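# Notes for the structure review
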Amino acid sequence: MRQAAQNPGQDPERDGPQDPSAPSPAPEVRRGRPRSAAVERAILDAVVELLEAGETLDGLSIERIARTAGVGKATIYRRWSGKEEIFVDVLRDIEPAEPTVSGTAGLDDLRVLLESMRTRGLAQRSSTLLHNVFVQMKKHPRLWTEYQSTVIAPRRAAMLAAVRRAVDAGELRGDLDVDFMDDLFLGPMLVRTVHRPDAPLPEDLADRIILILLQGLAPRPANPQVTGAGAAAAAM
């Protein structure tokens, strides 16, 4: 379990001066103060700690998050407008890292992005916390919309860009709608990782999806009847 900051008195951004007799800093000093990465880390870890302890998204409050992280509420509000935005960042933090693509390749980048979806599916199956957060998040329209716009939409844009590069490179047909082709690649992986939690996710799944789509699903014609030298060669 991750450990959040436990000593509020040591928070460099705690609201209000530690010494009641000390003068408050001027507004321009407060505005220019750099954010502390350690404080942000403590806040995110505090949310994870509370969720791991069995707290629900509905039950969490900014006040409790701040108390667990050892910061003031205003410290949180300087970074996030509310707990929905915090949860999106927490989910990003506990998910597998975003894949690195070349930005120049077509099918190769598409394969990397599909593989990233597969590993996310595996992570969600193996992580009770990640699974529970996803289930709870879908019950909160505002949170789900925020996640869709800040996490899902950029991933879809990356997939579309890879498909376009594959078309430009002559790896995919240029007479089909790019969005439709993207859905054809994306669909099988989404079914396996989201809609069928019991479906296998083998290591070669991304390669198989791409290969089958490139080959097509129509049955292949039977081999023509061969005789003589042709038959002998076919038997080798």
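Residues numbered from 1 in each chain as written. Predicted model: local features only at pLDDT ≥ 70, side-chain atom pairs only at ≥ 80, totals over all residues. Heavy atoms only, no water.

### What to know about the environment of Leu 50
Here is the rule we go by: The secondary structure listing takes helices from DSSP runs of H or I that are at least 4 residues long and strands from runs of E that are at least 2 residues long, numbered from the N terminus. Per-residue accessibility, obtained with a 1.4 Å probe over protein chains only, is compared with the maximum for each type, and a residue is labelled buried under 20%, exposed over 50%, and partly exposed between these values. Note on contacts: a residue pair qualifies if any of its non-hydrogen atoms lie within 4.5 Å across the two residues.
With respect to the helices and strands, the residue Leu 50 is situated in helix α2 (residues 37–52). For Leu 50, a relative accessible area of 6% puts it in the buried group. Here Leu 50 is in contact with Glu 55, Leu 60, Arg 64, Ile 65 and Thr 68, once residues within four sequence places are set aside.

### A word on the confidence of the model for the protein
Where we set the bar: The quantity known as pLDDT measures the predictor's confidence residue by residue, on a range of 0 to 100.
Confidence in the prediction for the protein averages 81 pLDDT; 79% of positions are at 70 or higher. Of all the helices and strands in the protein, helix α1 (residues 27–32) carries the lowest mean pLDDT, 36, while helix α10 (residues 205–215) carries the highest, 96. In the predicted structure, residues 1–10 sits below a pLDDT of 50 and forms 27 contacts with residues beyond four places in sequence or in another chain. Note on residues 229–236: pLDDT is under 50 here. Beyond four places in sequence and across chains, it has 1 contact.

### Some points on the nonpolar core
The cut-off we apply is this: The nonpolar core is taken to be a set of buried Ala, Val, Leu, Ile, Met, Phe, Trp, Tyr and Cys residues, with the residues joined through side-chain atoms within 4.5 Å.
The biggest cluster of nonpolar side chains holds 32 residues, and the ones touching the most others in it are Ile 43, Val 47, Ile 76, Ile 86 and Leu 91. If you list the elements that add at least two residues to this core, you get α2, α3 (62–69), α5 (83–94), α7 (128–137) and α8 (141–168). Counting residues per element, this core draws most heavily on α2, which supplies 9 residues. The contacts of Val 47, once residues within four sequence positions are left out, are Leu 60, Ile 65, Ile 86, Phe 87 and Val 90.

### So, α5
Applicable threshold: Take the residue count of a helix, subtract one, and multiply by 1.5 Å to get its expected span.
Relative to the 16 Å expected for 12 residues at 1.5 Å per residue, α5 spans 16 Å between its end C-alpha atoms, a close match to the ideal helical length. All of the buried residues in α5 are Lys 83, Ile 86, Phe 87, Val 88, Val 90, Leu 91 and Ile 94. In this structure, the buried side of α5 is in contact with α2, α3, α4 (73–77), α7 and α8.

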